[in-house]
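# Descriptive structure summary
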Amino acid sequence: QMVKRNASSIDLMIGRRLGDESTHEEALSWHEVSLAAITRTIRRDLREDANIAEVDIVADENLPSPRLDAVAAELLLRTVIAAVLREAEPQSQILVALVKHTPQSVVISVRHDARAPRQTSCERGLLLAAELGERLHGRVWVDDVVYIELPVSAPEEREEIARGGE
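### Digging into the environment of glutamate 89
As for its position among the elements, glutamate 89 is in the loop between helix H5 (70-85) and strand E4 (92-101). Placed 35 residues apart in sequence, glutamate 89 and glutamate 54 show a C-alpha to C-alpha distance of 8.0 Å.

The following block contains the structure:
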């Protein structure tokens, strides 16, 4: 439900600024984007929920600024952070940090101290994030922390990279 609301509000915002004709094309274009800045935007947007949960959302300043689908990256990261926020221990933090950056993708982690057992609402949010990740040509998985992998070039550019830039 929150993802639908976020997607609708992002689409509406882009539509107002660019006009309906270019909304879809511009929204799905690839740009160099600071993952730290995206995390700070999400922190600002989720400030009220974080205050209620007594949790701080922190962006590691070593996060890169890869070329990616910025809207997709923000939507996916927002979905994961909102999910883990539901089960984070009070007086703790959610840390978004770089794991790996390659020419094909960037992997970031979302670390948090979780209350045991895992909250059902968090599980549902992470399942939604995993489905969303697949649709956006990335992936989300949970190990000791939550990982997000995002492609750093458009699908047609990834094919060109794989062929050696022909």
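Okay, back to it.
### Digging into unusual backbone geometry
Positive phi, normally seen in glycine, also occurs at glutamine 91, with a value near 65°. One non-glycine residue, histidine 137, lies in positive phi territory at about 65°. With respect to the helices and strands, histidine 137 occurs in the loop between helix H6 (120-135) and strand E6 (139-142). A residue is classified by how much of its surface remains accessible, and histidine 137, at 53% relative accessible area, is exposed.

### With respect to the sheet that holds strand E5 (residues 105-111)
Read across the open sheet, the 5 strands follow the order E2-E4-E5-E7-E6; overall the sheet is mixed. Looking at strand neighbours, the two that pair on one side only are strand E2 (55-59) and E6, the edges of this open sheet. With direction set aside, neighbouring strand axes in the sheet form an average angle of 20°. Where E6 and strand E7 (residues 146-151) come together, 4 bridges link them in antiparallel fashion. Across the sheet, residue arginine 139 finds its bridge partner in E7, namely glutamate 149. Contacting E2, E4, E5, E6 and E7, H5 runs over the sheet at an angle of about 175° to E7.

### Focus on the nonpolar core
The biggest cluster of nonpolar side chains holds 40 residues, and the ones touching the most others in it are Leu77, Ile81, Val110 and Ile148. Listing elements by their share of this core, those giving two or more residues are helix H3 (35-45), helix H4 (47-53), E2, H5, E4, E5, H6 and E7. Among the elements that make up this core, the one with the highest residue count is H5 (11 residues).

### Structural notes on the packing of H5 against H6
Between H5 and H6, whose axes approach to 8 Å, the crossing angle comes to 165°. For the element pair H5 / H6, the angle class is roughly antiparallel. Read as a crossing pair, H5 and H6 show a hand that is left-handed. Residues Leu75, Leu76, Thr79, Val80, Ala83 and Val84 of H5 touch H6, and the partners they reach there are Cys122, Gly125, Leu126, Leu128, Ala129, Leu132 and Gly133. Of the residues in the contact of H5 with H6, the class split is 10 nonpolar, 3 polar and no charged.

Cut-offs and rules
- Residue positions within a chain follow its written sequence, with the count starting from 1.
- Since the coordinates come from a predicted model, pLDDT governs what is reported: local features require at least 70, and pairs of side-chain atoms require 80 or more to be given and counted, while whole-chain, interface and lining totals use all residues.
- For the side-chain quantities, the full set of heavy atoms in the structure was used; hydrogens and water were omitted.
- Here a strand is any run of E in DSSP of at least two residues, a helix any run of H or I of at least four, and the numbering for each starts at the N terminus.
- Burial here depends on accessible area, computed with a 1.4 Å probe over protein chains only, as a share of the maximum for the residue type. Under 20% is buried, over 50% is exposed, and the range in between is partly exposed.
- Strand pairing is assigned whenever DSSP detects at least two bridges linking the two strands.
- Between N-to-C directions, angles span 0 to 180 degrees; the directions come from axes that are lines fitted to C-alpha atoms, helices contributing only their stretch in contact.
- Every residue pair with non-hydrogen atoms within 4.5 Å of one another is taken to be in contact.
- Joining through side-chain atoms within 4.5 Å is the link that ties buried Ala, Val, Leu, Ile, Met, Phe, Trp, Tyr and Cys residues into a set, and such a set is a nonpolar core.
- Here is the rule for angles: anything less than 35 degrees is roughly parallel, anything more than 145 is roughly antiparallel, 65 through 115 is roughly perpendicular, and the remaining ranges are oblique.
- Take the far helix as the reference: if the near one is turned anticlockwise from it by less than a right angle, the crossing is left-handed, and if turned clockwise, right-handed.
- Polar here means any residue outside two lists: the nonpolar Ala, Val, Leu, Ile, Met, Phe, Trp, Tyr, Cys and Pro, and the charged Asp, Glu, Lys and Arg; Gly therefore counts as polar.

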